[in-house]
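Structural description and commentary
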Amino acid sequence: QVQLVESGGGLVQPGGSLRLSCAASGSIFSINAMGWYRQAPGKQRELVATITSGGSTNYADSVKGRCTISRDNAKNTVYLQMNSLKPEDTAVYYCNVLTVDKMYRGTAYWGKGTLVTVSS
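Reading the values: rules and limits
- Residues numbered from 1 in each chain as written.
- Predicted model: local features only at pLDDT ≥ 70, side-chain atom pairs only at ≥ 80, totals over all residues.
- Heavy atoms only, no water.
- Helix = DSSP H or I, 4+ residues; strand = E, 2+ residues; numbered from the N terminus.
- Rg over C-alpha atoms; globule rule 2.2 N^0.38 Å.
- Buried < 20%, exposed > 50% of the residue type's maximum accessible area, 1.4 Å probe, protein only.
- Contact = heavy atoms within 4.5 Å.
- Areas by Shrake-Rupley, 256 points an atom, 1.4 Å probe, with all protein chains shown as cover.
- Lys, Arg positive; Asp, Glu negative; His and termini not counted.
- Charge placed at Lys NZ, Arg CZ, Asp CG, Glu CD.
- Salt bridge = Lys/Arg side-chain N within 4 Å of Asp/Glu carboxyl O.

1. Quick look at the overall build of the chain
- Along the backbone of the chain there are 0 helices and 11 strands.
- For 120 residues, the compact-globule formula gives about 14 Å, and the C-alpha radius of gyration of the chain, at 14 Å, lands near that figure.
- Taking the principal axes of the C-alpha coordinates as reference, the chain spans close to 50 × 25 × 25 Å.
- For the chain, the proportion of its 120 residues judged to be buried stands at 38%.
- Across the chain, the fraction of contacts at a sequence separation of at least 24, relative to all contacts at a separation of at least 6, is 53%.
- Summed over its atoms, the accessible surface of the chain is roughly 6,700 Å², and 47% of this surface lies on carbon and sulfur atoms.
- For the chain, the separation between the mean place of its 12 positive charges and that of its 7 negative charges on side chains is 4 Å.

Now the structure itself:
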């Protein structure tokens with residue numbers, strides 16, 4: 001099985017910064033992509049940012065210019081640096097990892113989530 005361990009969430013003031021991390025471990029043949037999603041109170045889960053094993057990135061329009069996603073393939077870890085945080089960024093942030101096995105069958109795994117609260 002694959003386990004995802006998330007960390008870095010917490011309470012920050014508007015304009016502050018946080019760095020989220022997610023480390024994948026277990027039976028992993030290869031990782032195609034890793035990413036972050038979030039779910040705010042009363043809202044559906046939405047994409048924040050994704051990154052492929054080759055380094056291609058994708059960001060939601062709402063976070064472009066304020067967030068940077070990166071990864072360390074050797075450590076199977078993905079990071080999300082968030083700057084200039086706004087109250088509307090408040091949400092539970094979930095790590096997502098897409099793996100493939102030796103027959104190139106894909107499986108998606110989700111972390112338990114880490115809470116980010118932006119408030120003064």
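2. Digging into the pattern of salt bridges
- Going through the model one piece at a time under the given rule, you end up with 5 salt bridges.
- Across the pair Glu46 and Arg38 runs a salt bridge whose closest N-O atoms are separated by 2.9 Å.
- Assessed through its relative accessible area of 38%, Glu46 is described here as partly exposed.
- Residue Arg38 is classed as buried on the basis of its relative accessible area, which comes to 6%.
- Close ionic contact of Arg66 with Asp89 constitutes a salt bridge, the shortest N to O distance being 2.8 Å. Of this pair, Arg66 sits in the loop between strand 6 (57-59) and strand 7 (67-72) while Asp89 sits in the loop between strand 8 (77-82) and strand 9 (91-100), and the two are 23 residues apart along the sequence. The same class applies to Arg66 and to Asp89, which are both buried.
- Members of the salt-bridge network, linked through shared partners, are Arg38, Glu46, Arg66 and Asp89.

3. What to know about unusual backbone geometry
- In this model, Ser84 sits at a positive phi of 50°, which is unusual for a non-glycine residue.
- Looking at the secondary structure, you find Ser84 in the loop between strand 8 and strand 9.
- On the basis of relative accessibility, which here comes to 42%, the residue Ser84 falls in the partly exposed class.
- Phi at Tyr104 takes a positive value of approximately 60°, unusual for a residue other than glycine.

4. Here we look at the environment of Gln44
- In this structure, Gln44 sits in the loop between strand 4 (30-39) and strand 5 (46-52).
- The residues touching Gln44, leaving out its near neighbours within four places in the chain, are Arg38 and Gln39.

So yeah, pure geometry; function would need other evidence.
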